Amino acid sequence: MSASRRSGATDELGPDEPGEPGSDLLAALLDGMDAALCAFDADGVVTHWNREAERILGWTAAEAVGRHGFAGWAVRSADAEEVQDRLMSAMHAPGRQVHEFALVTKDGGRILVRTQSAAVRGPDGKPAGVYCAFSEVHAQIDLERSIALSEALFEDAAWGVVLVDADLRPAVVNAYAARALGVGRTSALGRPLGELLARGAEELEGALTHVLAEGAPPAPAEMWVVVRTPEGERRRCWRNGFLRLASPLAEEPVPLGVGWLFQDVTEARQDQQEAALLRFRSNQLHRAARAAAECEDPAEAATVHLDFALAGFADHALVDRLADGPHAQGEDDAEPVRLVRLAATPAGAPGPSLLTGAAGLPVRYPEEHPARQCVRRAGTVRAEAGEVPAERAREWALERQWPADTVYALCAVLRSRGRTLGVLTFLRGAGRSRFERADTAYAEDVAVRIAAALDLAEAVRER
């Protein structure tokens, strides 16, 4: 724009010659600016003054336009020469210059502003004046802080930050979030969340939709998701926070999307779950020991231990004793292992374990049955049907003389006084997870107690 006009007009934007093309558009543009703007001609006379400048300093365009510099009204006399020299120096300098000045408001107060000034060139390309845009320093600092915060979040944050657009697709992803999703920062952009998550996308999209409609939730939310990675699928727990983003330029809030912040808390949650599980199992062992101590029959005490152990741990449990009586490790290893069912939980409706096997008939276990392997090794054996159709899993369980819904099995050897007494078997259906190392340790603890009870029962019978 040209700032070289010096007629006597003093409207809020500077002189306006009737019929000049674009004058109305220029007025609208200058008055619509968020920053204060003034302009000087080559002699330092104010030629333009917009509404934001009036708001900040209180001087109207009629009072500002036509004055020579800021001396005597917008700056202190002692500072006027320096301020004028620094402003006008932009006329002969390349690019923009940034300065900070203390200006004087109409009511006599002082306000620190940050200015950006640059030369205005005439039709011949020569400097014809200077335009100066300025704003209060604290407002500029707030803006810079906001920008710096955004940059830091998307570069150095120790949690995931994702901007999700109104279509629920990532628009910006920081480095942490990209690593958590197992993709590159650019490859995640614009893709549906269902392509990034194997499980949990529906729950996450539901939360994002709620935030767009209702606003941010009052507290963080934790979600378990399964992420697709080059190494395979990983189950993770994310602690999520959501912020609805609305345009500050619209008269009414217009949702631009959602700011999604999350942190991977999988290890902490797993530690909490393991600690809670350990406390529960320890309490079960303690309660089982107290209840078993009140049983007159040691065999009944064995079933008490079995019932307490089964709660929350497995769907079925079996206790098989050696048909030929206890034997030491290495003794008669060449002989086939024959097992007789001693106790079992009901295969149908839930209920307490029942003592069985009074007839002493061996269970028809195949030669390579996990229970027989357990006896031979004198150690724990795990088995599972694997990723097979439901009908094949049913056949697998029935072949091993287990309930038809069995998918996972854990066989722990019963040993007491250096001898093997039999096998304790825990069984899980498809609704449960496979047996892990912590489950093995718990099953072995239960097996020790049941073996001691059975050994005592054998000793009582002999006596």
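The preceding data block contains the structure.
Residues numbered from 1 in each chain as written. Predicted model: local features only at pLDDT ≥ 70, side-chain atom pairs only at ≥ 80, totals over all residues. Heavy atoms only, no water.

Engineer: How would you summarise the nonpolar core if you had to cite specific residues and measurements?
Structural biologist: Among the nonpolar cores identified, the biggest contains 54 residues, and Leu414, Leu424 and Phe426 are the most heavily contacted of them. One finds Ala53, Ile56, Ala64 and Trp73 within the second-largest nonpolar core, a separate group that totals 29 residues. (Core = buried A, V, L, I, M, F, W, Y, C linked by side-chain atoms within 4.5 Å. Buried < 20%, exposed > 50% of the residue type's maximum accessible area, 1.4 Å probe, protein only.)

Engineer: Can you explain the packing of helix H10 (residues 298-310) against helix H13 (residues 437-462)? Please cite residues and give values.
Structural biologist: The contact between H10 and H13 brings their axes to 7 Å, and the two run at 165°. When the interaxial angle is binned, H10 and H13 end up roughly antiparallel. Both H10 and H13 take part in a crossing whose hand is left-handed. Touching Pro298, Ala299, Ala301, Ala302, His305, Leu306, Phe308 and Ala309 of H10 are Tyr442, Val446, Arg449, Ile450, Ala453, Leu454, Leu456, Ala457 and Val460, all from H13. Each residue belonging to the contact of H10 with H13 can be placed in one class, and the counts come to 15 nonpolar, one polar and one charged. (Axes fitted to C-alpha atoms, helices over the stretch in contact; angles between N-to-C directions. Helix = DSSP H or I, 4+ residues; strand = E, 2+ residues; numbered from the N terminus. Parallel < 35°, antiparallel > 145°, perpendicular 65-115°, else oblique. Left-handed = near helix turned anticlockwise from the far one by under 90°. Contact = heavy atoms within 4.5 Å. Nonpolar A, V, L, I, M, F, W, Y, C, P; charged D, E, K, R; others polar.)

Engineer: Can you explain the pairing of strand S5 (residues 127-136)? Please cite residues and give values.
Structural biologist: Most of S5 is tucked away: eight of the ten residues are buried. Note that strand S1 (residues 36-41) and S5 share six bridges and pair antiparallel. Bridge pairing in S5 places Phe40 opposite Val130. Bridge count for strand S4 (residues 110-121) against S5 is nine bridges, and the pairing is antiparallel. (Pairing = 2+ DSSP bridges.)

Engineer: Report on the packing of aromatic side chains, specifying residues and quantitative values.
Structural biologist: Taken as a whole and assessed by the stated rule, the structure comprises 14 aromatic pairs. Ring centres of Trp49 and Phe70 lie 6.5 Å apart, and the angle between their planes is 80°; on these two criteria the pair is classed as edge-to-face. In this pair, Trp49 is assigned in strand S2 (residues 46-49) and Phe70 in the loop between helix H3 (61-64) and helix H4 (77-88), connecting sequence segments 21 residues apart. For Trp49, a relative accessible area of 0% gives the class buried. By way of ring pairs, the aromatic residues Phe40, Trp49, Trp59, Phe70, Trp73 and Phe134 are connected into one cluster. Its end group placed over the ring of Trp224, Arg235 keeps NZ or CZ at 4.1 Å from the ring centre. Positioned above the aromatic ring of Phe435 is the side chain of Arg428, whose terminal nitrogen or guanidinium carbon lies 4.1 Å from the ring centre. (Phe/Tyr/Trp six-rings, centres within 6.5 Å; stacked < 30°, edge-to-face > 60°. Lys NZ or Arg CZ within 6 Å of the ring centre and 35° of its normal.)

Engineer: So what's going on with the side chain of Glu136? Residues and values would help.
Structural biologist: By the secondary structure assignment, Glu136 is in strand S5. With residues near it in sequence (within four places) discarded, Glu136 still touches Arg55, Ile56, Ile111, Leu112 and Val113.

Engineer: Any chance you could break down the pattern of salt bridges for me, citing the residues and the numbers?
Structural biologist: In the structure shown here, the tally under the stated rule is 23 salt bridges. With a closest N to O distance of 2.5 Å, Arg269 and Glu222 form a salt bridge. Here Glu222 lies in strand S9 (residues 221-229) and Arg269 lies in helix H9 (residues 266-293), a separation of 47 residues in the sequence. Residue classification places Arg269 among the buried residues on the basis of a relative accessible area of 17%. Accessibility expressed as a relative area gives 33% for Glu222, which makes it partly exposed. Through salt bridges with shared partners, a single network forms among Glu52, Arg55 and Glu136. (Salt bridge = Lys/Arg side-chain N within 4 Å of Asp/Glu carboxyl O.)

Engineer: Go over the sheet that holds S4, please, and point to the residues and values.
Structural biologist: Backbone-to-backbone hydrogen bonds pair the strands of a sheet. The strands run either parallel or antiparallel. Read across the open sheet, the five strands follow the order S2-S1-S5-S4-S3; overall the sheet is antiparallel. Two strands in the sheet have a free side with no partner beyond their single neighbour: S2 and strand S3 (97-104). Each adjacent strand pair in this sheet contributes to an overall mean axis angle of 30°, direction not counted. When S1 meets S2, the two strands line up antiparallel, connected through three bridges. Bridge pairing in S2 places Ala39 opposite His48. Its contacts with the sheet put H4 on S1, S3, S4 and S5, and the angle it makes with S3 is roughly 150°.

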